[in-house]
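For reference, the chains in residue letters:
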Amino acid sequence: MALRREPHVLVVGGSDSSGGAGIARDIETISSIGVRTCLAVTALTVQTHEAVMKIHPSQPDLVANQMRAALRANKVAAIKIGMLATAEIVVAVAAVLRENPQVPAVLDPVLASTSGRALLDARAIAAMKRDLMPLCRLVTPNLIELALLVGLEPAVDEDGAVWQGTQSHRAGASCWLRASG
């Protein structure tokens, strides 16, 4: 079957009912460059462009099994990870990455919504830093996420952002960080 041979990006993340973020936006973006996607849904949300009203995390084993099925069904060239919701989901995703070290992973550490609602608790942030970030080739936090990852206030200039990225790398993240505004 031709579909199985085409390269795919496995999108791992939460839904956004407004369509402004999450897996819907990732699939749209990846498809716009002509690459196919497959997915693992980590959470269902009820949200508008202004607020997140509810978050319903998926069961960690369901997320891991969705990832495994997508990896079995398709030629996955990369994994893009977004919202993970809970520490248990972080650990489950990390386990699948360890099973598939040949597939490069990119982590967008979604820690809070644009409206400010936390999308990952402190326990999950610690699991992300310990279990997931070292397995990723690239981590793309924005300035607020980068500050949360290193436990500091957001950087006010480029030098501060570079210093925080270096601190994160020294703390054990075996990947490069690219802070986006």
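Look up a bit, the structure's there.
Worth saying up front: this structure is predicted, and the values here are computed from it rather than measured.

Participant: Could you clarify how one ought to interpret the pairing of strand β1 (residues 7–14) in this entry?
Facilitator: Within a regular strand, the side chains alternate between the two sheet faces. Within β1, seven of the eight residues are buried, leaving the element largely enclosed by the surrounding structure. Pairing between β1 and strand β4 (residues 75–81): six bridges, direction parallel. Paired with H8 across the bridge in β4 is V76. Where β1 lies against strand β2 (residues 36–47), seven bridges are found, and the strand directions are parallel. The partner of V9 across the bridge, within β2, is T37.

Participant: Sorry, what's going on with the nonpolar core here?
Facilitator: Inside soluble globular proteins, nonpolar side chains tend to come together where they are buried. The biggest cluster of nonpolar side chains holds 40 residues, and the ones touching the most others in it are V12, I81, L84, M128 and L132. Elements with a minimum of two residues in this core: β1, β2, α3 (60–73), β4, α4 (87–99), β5 (105–107) and α5 (122–132). Among the elements that take part in this core, α4 stands out by supplying eight residues, more than any other. Those residues in contact with L132, other than ones at most four positions away along the chain, are I81, L84, V90, V93, A94, L97, L107 and A127.

Participant: I tried to follow the pattern of salt bridges on my own but got confused; where do I start?
Facilitator: Under the counting rule described, the total for this entry stands at six salt bridges. In this structure, R25 and E28 form a salt bridge, with 2.6 Å as the shortest nitrogen-oxygen distance. In this pair, R25 and E28 are both assigned in helix α2 (residues 22–32), three residues apart and thus about one turn of the helix distant. A relative accessible area of 48% places E28 in the partly exposed class. Note that R130 and D131 form a salt bridge whose closest N and O atoms lie 2.9 Å from each other. The structure contains a network of salt bridges with shared partners spanning D26, K80 and D108.

Participant: Is there a simple way to think about α3 in this case?
Facilitator: Count 3.6 residues to each turn of an α-helix, and residues three or four apart come out pointing the same way. The terminal C-alpha atoms of α3, which comprises 14 residues, lie 20 Å apart, in line with the 20 Å expected from a rise of 1.5 Å per residue. Along α3, the residues classified as buried are V63, A64, M67, A70 and L71. When α3 is viewed along its axis, its buried side chains cluster within an angular range of 125° and face the same direction. Opposite the buried face of α3, at more than 90 degrees from it, the exposed residues are D61 and R72. For α3, the elements touching its buried residues are β1, β2, β4 and α4.

Participant: Got a minute to help me understand the side chain of K80 in this structure?
Facilitator: The residue K80 is located in strand β4 in this model. If sequence neighbours within four positions are ignored, K80 has contacts with V9, L10, V11, V12, D26, V106 and D108.

Participant: Help me out: how do you make sense of unusual backbone geometry in this one?
Facilitator: Peptide bonds are mostly trans, and most non-glycine residues show a negative phi. Of note, the phi angle at A85 is positive, near 75°, even though the residue is not glycine. Within the fold, A85 resides in the loop between β4 and α4. For A85, a relative accessible area of 12% gives the class buried.

Calculation notes
Residues numbered from 1 in each chain as written. Predicted model: local features only at pLDDT ≥ 70, side-chain atom pairs only at ≥ 80, totals over all residues. Heavy atoms only, no water. Buried < 20%, exposed > 50% of the residue type's maximum accessible area, 1.4 Å probe, protein only. Helix = DSSP H or I, 4+ residues; strand = E, 2+ residues; numbered from the N terminus. Pairing = 2+ DSSP bridges. Core = buried A, V, L, I, M, F, W, Y, C linked by side-chain atoms within 4.5 Å. Contact = heavy atoms within 4.5 Å. Salt bridge = Lys/Arg side-chain N within 4 Å of Asp/Glu carboxyl O. Expected span 1.5 Å × (residues − 1). Arc of directions from axis to C-beta.

Functional significance is not addressed by these values, which are geometric in nature.
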